Number of protein chains: 2
Amino acid sequence: MLVRDSEPEERRAPRARISDVAQALGLTKATVSRALNGYTDISESTRARVRHKAAELGYTPLSHAQAIRTGRARSLGIVLQVGDQDGQRPFVADFLAGLSSAASAENWTLTVATATTEEDMLATMGRLIDERKADGFVLPRTKVADERIRMLRRLSIPFVLFGRTADPESCAYFDILGEDAMVLAVRHLHGLGHRRIGYIGGGDGFYYSAVRSAGYRTGIEAVGLPFDPAIVGGGAYTVDAGMREADRLLAADEPPTAILCATDMCALGVCRRAMALGLRVGGDLSVIGYDGVPEGAWSTPPLATFEVDSRVAGLHLANLLIRRIRGENPADLRETAHARFLDRGSAARPMMSSAELREHVARATGRRSERRPDR
Amino acid sequence: MLVRDSEPEERRAPRARISDVAQALGLTKATVSRALNGYTDISESTRARVRHKAAELGYTPLSHAQAIRTGRARSLGIVLQVGDQDGQRPFVADFLAGLSSAASAENWTLTVATATTEEDMLATMGRLIDERKADGFVLPRTKVADERIRMLRRLSIPFVLFGRTADPESCAYFDILGEDAMVLAVRHLHGLGHRRIGYIGGGDGFYYSAVRSAGYRTGIEAVGLPFDPAIVGGGAYTVDAGMREADRLLAADEPPTAILCATDMCALGVCRRAMALGLRVGGDLSVIGYDGVPEGAWSTPPLATFEVDSRVAGLHLANLLIRRIRGENPADLRETAHARFLDRGSAARPMMSSAELREHVARATGRRSERRPDR
DNA sequence: CCTCTTGCCGAAACCGGTTTCGGTGCGGAA
DNA sequence: TTCCGCACCGAAACCGGTTTCGGCAAGAGG
C-alpha cells in the first residue's frame, strides 16, 4: 500500500547541527567546531573523521549562528546608486550574476541595497555594517576622492573597488583599463584617416573619467597630433550633455571629424545632434563611445564602442573581496582587464575635411538662426 | 589642546544590546524582549518605558541573533534568472531599488542570488531556505505552471509573485495588467485606421504571455474584427524570433498593416525585418511592443510600447511579501497596476492597404528568390 | 624515576537574543 | 480571614554555534 504524501504537513528533514556531528563521533561540539575551522590543536586524523562525518550528514554551519559570536555573516554587501544618471544600469543584472555566483561558490551570500544620494549611500552602508549584514563591500563607480573609501577605511571594514582611486593605499580592486581603450580608439580613428579627433569626458569626479581622458591624451600624443582644448569637452554622461558638448566642439574653428566619448550615452547624444545638423554619422562625423550599452546597437548607424564584461567583473570582485575579508593583503588583490572594441558603423573614414565640416555646420546653424532671429 | 583622532584605531561606539536596555531600566532582558515584541503579559506602562529607553539608546535587535532562535532573519530573497533570454534585463536595477527601499524601510534586507536554469533556480532557492538566508521570496517572471510556486507551497515558505499564475490559491501577487494594455493597443491601432492587426505572443509558458494574448483577442473582438490565426504568431521574445514571425505574418494572403507584439525585443525584430523588406515602419507597417526597453527609444522610428514602472513594482512586492511573512492572508495581498502607453513613431495611420502590402512583400521576397534560385 | 613539555580534547562560558515556566502581589469572592 | 485568579515580571533554559581554559596522557629530558 502506498503512503500518500500528507499534503499540507510535509516536514522536511531538519538540518544537521554541529551537535549531531559531535554525537555521531563521540566528540564534543567544541572539537568539531575547531576541527572544521582549522585550529592546530586538533589531530589530523580527528579532523579527517570530522570532515567526513560532516559531509555524510550534510552539515554546514548556520551562518547566523556563527555571526552572533564571530560578527561575520559570510555575506558580501553592495549598495547600488540609482540616482538620475542612468549609466551602467543595463549591466546590473550581469554584474550581480557574477557577484552572486562567485559568492555562492564559497557559500557566501549577496546583500543588495540601493541609495539615491551619496549621503544616503553612506548611511545605508553604515546600517549594513552596524547590523552586521555585510562583512565587506563592493564599491562600484569609484571616485577620485571617494567618501565610501574614507568611511570604510576608518571603520576597518574590508572592501574592494570596481575601479581605482587616487590613493590606492589599502585598496583591493578590479578595473577595466579604460585608458588603454581610449588609446586604441584614437589609434583606430587616426588609422582611418582622421586628423582632428575630439574628446568628451565623463562624469566629473569619477575615476573612470580621469583615466579615459588620460588615455585620450596619450593616444593623441602617440599618433603625433596636437592636444587642442577647443575640441575637448567633459562632464558629459547623458544624452543631453552629449548634445550640448557636440555643439561646442563642432563650433570650433577647426572642428573634429571624429569625436571620442567617455560614455555611450554621451556618444549617442553626439550622434543625435550630428544628425540634427544634417551630418551623416559614420561618414561626415565619426563617433566612438565606451560602455557597450544596448541602445548603441539600435541607433543608426550602430555605435562603435567598447564592451565591458560585467559578469566577469562581478566574478573577480566577489573573489577578491572574499579573500580580502579573509585577511589577505590588499596590495596582492589587484586585477585589471581590457574592454573589447566593437567596431561598428559610427566610426569610419572621414568623408569631409575639418574645413568642409566647419562650413557645413555653419550653414546648418546659420539657417536655424535665420528661422529664429534674435533668438 | 586638541585631541587628534587616533588614526588607525578608531573604535566606534559598540551597539546597544538588549541587556543594556534591561539594565538601564532595572528589568530583565526577557521582559524587554517581550515588551518590544508585543506580548500581552507586559503592562502598557512598562512597554512604553522600554520603547522609550530603547529608542534613547538606539537599540535595535540584531537580526542574526533573533534568527538563531526564531528562524527568521528579516530578509527578502530573490533569485534572478540570467539565462540566454535577455528580457527585462535593463530594469533589474530599478526593480531592486524598489524592493530594497521598501525592505529597508521596515529594517529588512534583500538577499539576491542568480541562476541560469530552472533547476539551478530551485536549488538556489532551496539553499537560501535551508541556510535561513531568506524568509520569503519574490518570484519574477511567473509561469502558468510554476515549479517555484509548487516548491514553496510544499515547504510552506511565504512568497509573492510578480505576475500571476494558473492556480492563484495561496498566492499573493502584484501584476501589471498586460491584457488591458493589449486591448488598448488594438483600439489605438483600430482608431488609426488599421483593419488587419496581427499579433506575436511572447515566451511560451510565461503567464504574461497568456494574458497579453487574451488581451489581444479581447481587443480584436471589441472593435469587431475577425480573429485570424494566419496573422497571429507566438513564442517570440527575441529579435531573431521577431524577425522570423514577421516573415510568417507578412506572407499571409491578407497580411497585417499593424503588428502588435507581446515584447519589445520581438517588436524590434519585426521592425528590422520590415525595413529589410523595404517597408517604412510607422507608415507601411505599424508596430507596437510592450516593456519599454531603452533600445526602443533609439530605433528608427522609435518604438511605440508600454512602459512598466519597475521601481514601483518592487516597492509593492516587497511590502506585500513582508506582510505575507507576517502572516496575512494571501487573498488580501493582491494588487495590480497598469502599464503606460508610449505613443511613438512606429505606430501611425496605415499608408498601404493590406493588398498593397501583400504586393510589396511579394515583390521584395520575389526579387530575393530570383537572386537565389531553387531556394 | 620524576618532572616538564607537548599534543589533543572536554567542560563550560559566551554571543545576543527568544521563550517557557513559575512566582509574587493584589483585588475580589467566599 | 482565607482562598483563588489574574496581571505582571524574573529566572533559567534554549537556539547553534565559537572560544577560553584547563586537564590528561604520552613522550622527552634530567
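On a predicted model such as this, the values are computed, not experimentally measured, just so you know. (Residues numbered from 1 in each chain as written. Chains lettered and ligands numbered in written order. Predicted model: local features only at pLDDT ≥ 70, side-chain atom pairs only at ≥ 80, totals over all residues. Heavy atoms only, no water.)

**Q** Would you explain the protein's contact with DNA strand C in this entry?
**A** In the vicinity of DNA strand C lie 29 residues, with Thr31(A), Arg34(A), Thr46(A), Ile18(B) and Ser33(B) positioned nearest. Within 4 Å of the protein, the atoms of DNA strand C are drawn from sugar and phosphate moieties in a proportion of 56%. Within the side chain of Arg69(B), an N or O atom sits 3.0 Å from a base oxygen of DNA strand C. Broken down by secondary-structure element, the contributors of at least two residues to the surface near DNA strand C are helix H2 (29-36) and helix H4 (63-70) of chain A together with helix H2 (29-36) and helix H4 (63-70) of chain B. Taken together, the residues that form the surface near DNA strand C break down as twelve nonpolar, ten polar and seven charged. (Near = heavy atom within 4 Å. Polar contact = N/O pair within 3.5 Å; in protein donor to acceptor, adjacent residues only side chain to side chain. Helix = DSSP H or I, 4+ residues; strand = E, 2+ residues; numbered from the N terminus. Nonpolar A, V, L, I, M, F, W, Y, C, P; charged D, E, K, R; others polar.)

**Q** Would you mind going over the relation of the copies chain A and chain B with me for this structure?
**A** In this structure, two copies of a chain are linked by a rotation about an axis accompanied by a shift along it. Of the transformation superimposing chain A on chain B, the axial component is 0.0 Å and the angular component is 180°, with the fit at an RMSD of 0.0 Å. What the superposition gives is, in effect, a two-fold axis relating one chain to the other. The residues that chain A uses at the interface reappear at the interface of chain B in 100% of cases, marking a shared surface. (Least-squares fit on C-alpha atoms with pLDDT ≥ 70 in both. Contact = heavy atoms within 4.5 Å.)

**Q** Help me understand H4(A) in this model?
**A** Because each turn of an α-helix spans 3.6 residues, side chains separated by three or four positions end up pointing in the same direction. Of the residues making up H4(A), those classed as buried are Ser63(A), His64(A) and Ala67(A). One side of H4(A) carries all its buried residues, which in axial view fall inside an arc of 95°. (Buried < 20%, exposed > 50% of the residue type's maximum accessible area, 1.4 Å probe, protein only. Arc of directions from axis to C-beta.)

**Q** Just checking my understanding: could you explain the sheet that holds strand E8 (residues 258-261) of chain A for this structure?
**A** Backbone-to-backbone hydrogen bonds pair the strands of a sheet. The strands run either parallel or antiparallel. Residues and elements named next belong to chain A. The parallel open sheet is built from four strands, whose spatial order is E7-E6-E8-E9. Both outer strands of the open sheet, strand E7 (232-233) and strand E9 (286-288), are each paired with one neighbouring strand and no more. The pairing of strand E6 (residues 197-200) with E8 spans four bridges and is classified as parallel. Pairing of Ile200 across the sheet is with Cys261, part of E8. (Pairing = 2+ DSSP bridges.)

**Q** What should I look at first to understand the side chain of Ser286(A) in this one?
**A** All names here are of chain A. Structurally, Ser286 is set in strand E9. Its relative accessible area of 0% is what places Ser286 among the buried residues. Side-chain polar atoms of Ser286 contact the backbone oxygen of Ala348, separated by 2.9 Å. Among all residues touching Ser286, those that are not within four sequence positions of it are Leu189, His194, Thr257, Ala258, Ile259, Ser346, Ala347 and Ala348.

**Q** Can you help me understand the confidence of the model for chain A in this one?
**A** One rule of thumb: low pLDDT means the predicted coordinates there are not for detailed reading. Residue and element names in this part refer to chain A. In the predicted model, chain A carries a mean pLDDT of 92, and the fraction of residues at 70 or more is 93%. Residue range residues 1-10 is modelled with pLDDT below 50. Its contacts to residues more than four positions away, or to other chains, number three contacts. This stretch, residues 368-375, has a pLDDT under 50; its non-local contacts, to residues over four places away or in other chains, come to one contact. (pLDDT = per-residue confidence, 0-100.)

**Q** Please clarify how the interface of chain A and chain B should be interpreted in this entry.
**A** How big an interface is tends to be stated in terms of accessible area lost as the parts join. Across the contact, 51 residues belong to chain A and 51 residues belong to chain B. Of the roughly 4600 Å² buried at the junction of chain A and chain B (both faces included), carbon and sulfur atoms supply 55%. Seen at the junction of chain A and chain B, the total is four salt bridges. Breaking the side of chain A that touches chain B down by element, the ones donating at least two residues are H4, helix H5 (92-105), strand E2 (109-115), helix H6 (118-130), helix H7 (147-155), helix H11 (264-276) and helix H12 (295-298) of chain A. Across the side of chain A that touches chain B, the residue classes break down as 24 nonpolar, 13 polar and 14 charged. Pairing analysis gives three bridges linking E2(A) to strand E2 (residues 109-115) of chain B, with the strands arranged antiparallel. (Buried area = accessible area lost by both parts, 1.4 Å probe. Salt bridge = Lys/Arg side-chain N within 4 Å of Asp/Glu carboxyl O.)

**Q** Hey, could you run me through the environment of Arg132(B) in this one?
**A** With respect to the helices and strands, the residue Arg132(B) is situated in the loop between helix H6 (118-130) and strand E3 (136-140). Sequence separation between Arg132(B) and Pro301(B) is 169 residues; the distance between their C-alpha atoms is 49 Å. Apart from residues lying up to four places away in sequence, Arg132(B) is in contact with Arg15(A), Leu62(A), His64(A), Gly71(B) and Ala73(B).

**Q** Any chance you could explain helix H8 (residues 178-192) of chain B here in plain terms?
**A** Residues and elements named next belong to chain B. Its 15 residues give H8 an end-to-end C-alpha distance of 21 Å, which sits within 8% of 21 Å, the value for a rise of 1.5 Å per residue. In this fold, the buried residues of H8 make contact with strand E5 (172-176), strand E6 (197-200), helix H9 (207-222), strand E8 (258-261), strand E9 (286-288) and strand E10 (305-307). Once H8 finishes, Gly193 follows within two positions and takes phi at roughly 115°, a positive value. (Expected span 1.5 Å × (residues − 1).)

**Q** Sorry if this is basic, but what is going on with the protein's contact with DNA strand D here?
**A** What surrounds DNA strand D is a group of 28 residues, the closest being Ile18(A), Ser33(A), Tyr39(A), Thr31(B) and Thr46(B). Here, DNA strand D places atoms within 4 Å of the protein, and 58% of those atoms are sugar or phosphate. A distance of 2.7 Å is found between a phosphate oxygen of DNA strand D and a side-chain nitrogen or oxygen belonging to Tyr39(A). Measuring from a phosphate oxygen of DNA strand D, one finds a side-chain N or O atom of Gln66(A) at 2.8 Å. The greatest single-element share of the surface near DNA strand D, amounting to five residues, is contributed by H4(A). Residues of the surface near DNA strand D, tallied by class, amount to twelve nonpolar, nine polar and seven charged.

**Q** Is there a simple way to explain the domain arrangement of chain A in this structure?
**A** Residue and element names in this part refer to chain A. Taken domain by domain, chain A comprises domain 1 (14-59), domain 2 (75-175 + 310-339) and domain 3 (178-309 + 341-371). For domain 2 and domain 3, the distance between their C-alpha centres works out to 31 Å. At the interface, 16 residues of domain 2 touch 17 residues of domain 3. For the pair domain 2 and domain 3, the summed buried area comes to about 1500 Å², and 60% of that belongs to carbon and sulfur atoms. For the domain 2 face of the interface with domain 3, the top three residues by lost area are Phe91, Arg164 and Ala339, together amounting to 35%. Counting across the interface, domain 2 meets domain 3 through one salt bridge. Across the pair Arg164 and Glu179 runs a salt bridge whose closest N-O atoms are separated by 3.0 Å. Here domain 2 and domain 3 share eight residue pairs in polar contact (both at pLDDT 80 or more) between them. (Domains from an automatic or database assignment.)

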